[in-house]
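# Structural overview
Single-letter residue listing:
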Amino acid sequence: MKKKRMLLLSALPVLAFSFASCSLGGSEGDSDFTVDESITPDESVKGNLNIRYFKRGFGDQWLYNSIKTFETKYPNVKVKATPSTEAKVIYGEIVGGIETKFDLYMTESSIIDYRENFVNINDVYASTVIDEEVSVRDKIDESYFQSCSDENGDFYTIPAYCGAFGFQYNRDFIEEENIPVTTDELLTLCKSLKSQSITPLVYSGGDDSQYLNFLYSSLAAQYEGRTPYLKAQVGRVYSKESASYKTDVSSAFLKGHEEASKVCESLYGQPNGFTSSQCVGYNANAAQVKLLDASNMTAMMFNGTWMMNEMSTIIKSYEVDVNQFGMFKTPIISSIIDKCPSIENDAELSALIHAIDKKETTLKGVGYEVSQEDFARVKEARDFVYVGSEDSRFVITKKARNQDLAKLFLKFYYSNPSIKAFNAAKAGCYIPLKASSVDTTGMNAYLKDAYTILANNEKFFNLPGAFMAVTPYLYPENLTIEKAFGSANLVDRKTTAQQLKLKKEAWTNNNNAKFKDEMARHGYSLDQ
């Protein structure tokens, strides 16, 4: 462990609570960045475009950079952007079918079910990106297509940005060579930190952020594989007999669900002492302050790439050294070796992961020798990250007055000059492109980690509107992972085994009645 640089911010926790409802983010990005000189102005397009957008952790420098570039391309178009920090306000304006002064909306709410109020934008996806020879659709990460379209494949929304989840950590407490790549290594690290009187983990259990859901989902998908995991969210499991996916109540109780829950319990369970008992009452800001203030002796927090931008006001006011912090990918669930017969133990799994991280493809290397099937399984698990703000979308309502200008903005948004301007904001977010890279020159150490994770991994997120609970082992359903394992209240606290028993009883009673009801309520057929 490095010698600790102690930054005493005694007033910081109090200030953080006062920012709880208005932590809107700023930006390390340059608002005076140089617009791409290769842009050829088009003065033939004229008009005014009004954009309404949700402003939160990523701030809005990314949008203003994009607008500045768009207005350089179309100097006779004036764009006005109006923010709201209330997600429900924007959601109501979008889905309510009412007439507003706005031509284009950006939201982080799931809205596809209200598509009857939206303009079909198939033409945007099919169009050629402004000044390029590729279609908009061909630039977008394909994992977003299902959530942006209806059952017929018609598009009504388009991605605005995404972030990525992972573990934020203090470099003073964790050396780079000790960054864990398996969950067993993460647990070993937590034990080591605890023995040095360092609190291994902090989390926010007092608000609705519920970040641990996304840790859980990542681990479960690693164990099961992404396709089986996502199929289970709509009640389907793979049948070897028919060599296809069939509807079955066992989709609520996959082994991967159990294994992911066990890991969360090991990390955040109150009896293990890896977190403070106060965490169950922290909002997101309070938990983030616990990590940022080195005097709290806290090492890690599972959070997203937006964290530093979200806390930028506090970071600047108290001169927090952001280079003191880093971010690492969610480790691979160690029990994946249950499905990998050629991998003997966690040490061999770790060696394989390190080889995969180095882009090696051989089945035999330093510390490992595995089958092709097991290599592929572990590689798939290592190659994806759970993205945050996965519901961030642009949408044009049918009441919009300047629909053509709104569509033009979207076509240009995915152009290389616009992408470059977006990235210049350095806000920790990323346009979800099929293939791209981010120039990290001049970025601080934290952002270099964040953008490396964002740009170099496949995007993964739960199905929008899936009927299966994101955390199917939690019972009753309103119980969160944070409270189930971290609460000091024994009434709330439930082990994985207890939750599994309760959930199975509830969902399988009366000939799987609850399972069938949930399938029907969410529009899924039992005959699929």
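Residue numbers run consecutively from 1 along every chain, following the written order of its sequence. Selection of residues for local features in this predicted model requires a pLDDT of at least 70, selection of side-chain atom pairs for listing and counting requires 80 or more, and totals for whole chains, interfaces and linings are taken over all residues. Values reported for side chains reflect all heavy atoms of the structure, with hydrogen atoms and water molecules removed beforehand.

### Structural notes on the sheet that holds strand β1 (residues 47-54)
Formally: Paired strands, as defined in this entry, are two strands with at least two bridges between them according to DSSP. Helix and strand assignments follow DSSP, with helices taken as H or I runs no shorter than four residues and strands as E runs no shorter than two, numbered in order from the N terminus. All axes here are fitted lines through C-alpha atoms, helices being fitted over the stretch that makes contact, and every angle between N-to-C directions spans 0 to 180 degrees. We call two residues in contact when some of their heavy atoms are within 4.5 Å.
With respect to topology, five strands assemble into an open sheet ordered β2-β1-β3-β14-β4, the strand pairing being mixed. For this open sheet the edge positions go to β2 (77-84) and β4 (157-159), each flanked by a neighbour on one side alone. Neighbour to neighbour, the strand axes of the sheet diverge by 25° on average, direction disregarded. Across eight bridges, β1 lies against β2 in parallel orientation. The partner of Gly47 across the bridge, within β2, is Val77. Along the sheet, helix α2 (residues 61-73) makes contact with β1, β2, β3 (104-107) and β14 (393-395), crossing β2 at roughly 170°.

### Some words on empty space enclosed by the protein
Formally: The rule is simple: put a 1 Å grid over the protein atoms alone, call a set of points where a 1.4 Å probe fits but cannot get out a cavity, call an open set with protein on both sides within 12 Å along at least five of seven lines a pocket, and count a residue as lining if it has an atom within 4 Å of a point. Grid points are joined across faces, edges and corners, and a volume is the space filled by probe spheres set on the points. Throughout, the ten residues Ala, Val, Leu, Ile, Met, Phe, Trp, Tyr, Cys and Pro are labelled nonpolar, Asp, Glu, Lys and Arg are labelled charged, and all others, Gly among them, are labelled polar.
Taken as a whole, this structure holds three cavities of 30 Å³ or more when the rule is applied. For the largest cavity, the calculated volume is near 70 Å³. Along its surface, the largest cavity is lined by Phe165, Ser218, Gln222, Lys329, Thr330, Ile332, Ala381, Arg382, Phe384, Val385 and Tyr386. Contributions of two or more residues to the lining of the largest cavity are made by α8 (212-224), α15 (372-383) and β13 (384-388). Tallying contributions element by element places β13 first for the lining of the largest cavity, with three residues. Residues that form the lining of the largest cavity fall into these classes: six nonpolar, three polar and two charged. Looking at the second largest cavity, its volume works out to about 50 Å³. What lines the second largest cavity is Ser109, Ser110, Ile111, Ile112, Ser147, Thr157, Asp391, Arg393 and Pro464. Of the residues contributing to the lining of the second largest cavity, the split by class is three nonpolar, four polar and two charged.

### Concerning the pairing of strand β10 (residues 325-328)
As a reminder of what qualifies: For every residue, the accessible area (1.4 Å probe, protein chains only) is compared with the maximum for its type, and the residue is labelled buried under 20%, exposed over 50%, or partly exposed between those bounds.
With burial as the criterion, each face of β10 is covered, one bearing Phe325 and Met327 and the other bearing Gly326 and Phe328. Pairing of strand β5 (residues 163-170) with β10, which is carried by four bridges, proceeds in the antiparallel orientation. The residue bridging Tyr169 from the neighbouring strand is Gly326, located in β10.

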